[in-house]
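Read off the chains here:
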Amino acid sequence: AQSVTQLDSHVSVSEGTPVLLRCNYSSSYSPSLFWYVQHPNKGLQLLLKYTSAATLVKGINGFEAEFKKSETSFHLTKPSAHMSDAAEYFCVATGTASKLTFGTGTRLQVTL
Amino acid sequence: DAMVIQNPRYQVTQFGKPVTLSCSQTLNHNVMYWYQQKSSQAPKLLFHYYDKDFNNEADTPDNFQSRRPNTSFCFLDIRSPGLGDAAMYLCATSREADSNQPQHFGDGTRLSIL
């Protein structure tokens, strides 16, 4: 069985400051990991994915994430937040038949 | 260009009145999924099709059915909607049922029950 834990339900940052959204996973095998973003009344958009290649993964809109097996973490970062980054972020692991195991989500608020 | 299209974006129905939600895709993906997402929660998988093979999640109520008449279209039928079925319904696709394949989501249909 696998599980995904997003350590913060809400994160608030000022525009132009770094973003860190934390995610830990538990799996009996090396999973594929994804970060998705969901803006209000929208579907989920893929930000980036890790599939056992490079441990530092670059995604869209300046986001990146680093897979750390020793820490079972896959934290999402961005050097400088923009107002348009305000959204819900989901850390996701995949198992069999590409079924997704979702974290509970982190709501990112960006203030002026 | 939208690749996974859900219609309508907002649907209102009456308690107990059957409703059908629609999803189409231009990606020619083999797998199509339906999720239910309630407020401030992660999406919950209801079922998925691999090609024509239907795969129901064990805890999906019998009230929820699905049809996939061809590769491009998939429908979610709610036979007798209850107040607890009010939610956002998300359709997603993936090329294969493979853990490395990301899923591509539509913008969802928000269902309200009167």
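Before any of the text, the structure's been laid out above.
Being a predicted model, the structure only gives us computed values, none of them experimental. Counting restarts for each chain: residues are numbered from 1 in the order of the written sequence. Written order decides the labels, with chains lettered from A and ligands numbered from 1. Per-residue local features of the predicted model are confined to residues with pLDDT of at least 70, and side-chain atom pairs are confined, for both listing and counting, to 80 or more; whole-chain, interface and lining totals are unaffected and use all residues. Here the side-chain values reflect all heavy atoms present in the structure, with hydrogen atoms and water set aside.

Visitor: Is there a simple way to think about the sheet that holds strand E7 (residues 64-67) of chain B in this case?
Guide: Residues and elements named next belong to chain B. Paired strands, in this sense, are two strands between which DSSP finds at least two bridges. Runs of E in the DSSP output that reach at least two residues are strands. Runs of H or I that reach at least four are helices, and both are numbered from the N terminus. Here four strands make up an open sheet; going across it, the order is E1-E3-E8-E7 and the pairing antiparallel. The strands lining the two open edges of the sheet, one partner per strand, are strand E1 (4-7) and E7. Strand-to-strand twist of the sheet, defined as the mean angle between neighbouring strand axes without regard to direction, takes the value 20 degrees. Examined bridge by bridge, strand E3 (residues 19-25) and strand E8 (residues 73-78) share six bridges and lie antiparallel to one another. Within the sheet, the bridge partner assigned to Ser24 lies in E8 and is Phe73. To obtain each axis, a line is fitted to C-alpha atoms, and for helices this fit is confined to the stretch in contact; angles are then taken between N-to-C directions over 0 to 180 degrees.

Visitor: Would you mind showing me how to read the layout of surface pockets here?
Guide: Over the atoms rolls a probe the size of a water molecule, and its path tells where empty space is left. Of the voids in this model, the second largest pocket is the one considered here, and its volume is about 290 Å³. As for the second largest pocket, its lining consists of 15 residues, and the residues nearest its centre are Gln38(A), Arg107(A), Gln37(B), Ser40(B) and Arg110(B). Residues belonging to the lining of the second largest pocket are distributed by class as follows: three nonpolar, seven polar and five charged. In this analysis a 1.4 Å probe is tested at points of a 1 Å grid over the protein atoms alone, and where it fits but cannot get out there is a cavity; an open set with protein on both sides within 12 Å along at least five of seven lines is a pocket; lining residues have an atom within 4 Å of a point. Grid points are joined across faces, edges and corners, and a volume is the space filled by probe spheres set on the points. Only Asp, Glu, Lys and Arg are considered charged, only Ala, Val, Leu, Ile, Met, Phe, Trp, Tyr, Cys and Pro nonpolar, and every remaining residue, Gly among them, polar.

Visitor: How should I be thinking about the pattern of salt bridges in this particular structure?
Guide: When the charged atoms of two side chains with opposite charge come close together, those side chains can pair. Residues and elements named next belong to chain A. Here a salt bridge means any side-chain nitrogen of Lys or Arg lying within 4 Å of a carboxyl oxygen belonging to Asp or Glu. A full pass over the atoms with the stated rule returns seven salt bridges over all chains. Residues Lys78 and Asp85 are paired through a salt bridge, measuring 2.8 Å at the closest nitrogen-oxygen approach. The residue Glu88 makes a salt bridge to Arg107 at a minimum N-O spacing of 3.0 Å. A residue pair is termed long-range when its members are at least 10 positions apart, and Glu88 in strand E10 (residues 87-94) and Arg107 in strand E12 (residues 106-111) qualify at 19 residues. Owing to a relative accessible area of 11%, Glu88 belongs among the buried residues under this scheme. Under the scheme applied here, a residue whose accessible area is under 20% of the maximum for its type counts as buried, over 50% as exposed, and between as partly exposed, the area being computed with a 1.4 Å probe on protein chains only. A residue is classified by how much of its surface remains accessible, and Arg107, at 38% relative accessible area, is partly exposed.

Visitor: How do you make sense of the state of the cysteines when you look at a structure like this?
Guide: Residues and elements named next belong to chain A. Criterion for a disulfide: a pair of cysteine sulfur atoms within 2.5 Å. Overall, the coordinates contain two disulfides over all chains when judged by the stated rule. In this model, Cys23 is linked to Cys91 through a disulfide, with the two sulfur atoms separated by 2.0 Å. The sign of the S-S torsion, about -65 degrees, decides the handedness of the disulfide formed by Cys23 and Cys91: left-handed. Of the two residues, Cys23 is situated in strand E4 (residues 23-26) and Cys91 in strand E10; the sequence distance between them amounts to 68 residues. Here the two residues Cys23 and Cys91 agree in accessibility, since each one is buried.

Visitor: What is the right way to read the pairing of strand E9 (residues 73-78) of chain A from this model?
Guide: Two faces belong to every sheet, and in a regular strand the side chains alternate between them. All names here are of chain A. Of the strand pairs in this sheet, strand E3 (residues 19-21) and E9 are connected by three bridges, and their pairing is antiparallel. In the sheet register, Leu21 faces E9, and the bridge partner there is Leu76. Inspection of the sheet shows strand E8 (residues 64-68) paired to E9 by five bridges, in the antiparallel sense. Looking at the pairing, Glu64 lines up with Thr77 of E9. Linking E8 to E9, which pair antiparallel, is a turn of four residues; within it Thr72 sits at a positive phi near 45 degrees.

Visitor: Where do I start with the nonpolar core in this structure?
Guide: In a soluble, globular protein the nonpolar side chains are often hidden away together inside. Among the nonpolar cores identified, the biggest contains 26 residues, and Trp35(A), Leu48(A), Phe74(A), Leu76(A) and Tyr89(A) are the most heavily contacted of them. Of the residues forming this core, the biggest block, four residues, is contributed by E10(A). If we skip the residues at most four places from it in the chain, Leu76(A) touches Val19(A), Leu20(A), Leu21(A), Trp35(A), Leu47(A), Leu48(A), Phe63(A), Glu64(A), Ala65(A) and Tyr89(A). We define a nonpolar core as any set of buried Ala, Val, Leu, Ile, Met, Phe, Trp, Tyr and Cys residues linked to one another through side-chain atoms lying within 4.5 Å. Val19(B), Trp34(B), Leu46(B) and Tyr89(B) belong to the second-largest nonpolar core, a separate cluster that totals 18 residues. Here, residues are in contact when the closest pair of their heavy atoms is within 4.5 Å.

Visitor: Would you take a moment to explain the environment of Glu15(A) for this structure?
Guide: Residues and elements named next belong to chain A. With respect to the helices and strands, the residue Glu15 is situated in the loop between strand E2 (10-14) and E3. Here Glu15 falls in the partly exposed class, since its relative accessible area comes to 34%. Sequence spacing of Glu15 and Gly62 is 47 residues, and the spatial spacing of their C-alpha atoms is 14 Å. Discounting chain neighbours no more than four positions away, the residues touching Glu15 are Ala81, His82, Met83, Val110, Thr111 and Leu112. We define a polar contact as two N or O atoms separated by no more than 3.5 Å, with the added condition that, inside protein, one atom must be a possible hydrogen donor and the other a possible acceptor, whereas residues neighbouring each other in sequence contribute only through side-chain atom pairs. For Glu15, the side chain forms a polar contact with the main-chain nitrogen of Met83, separated by 3.4 Å.

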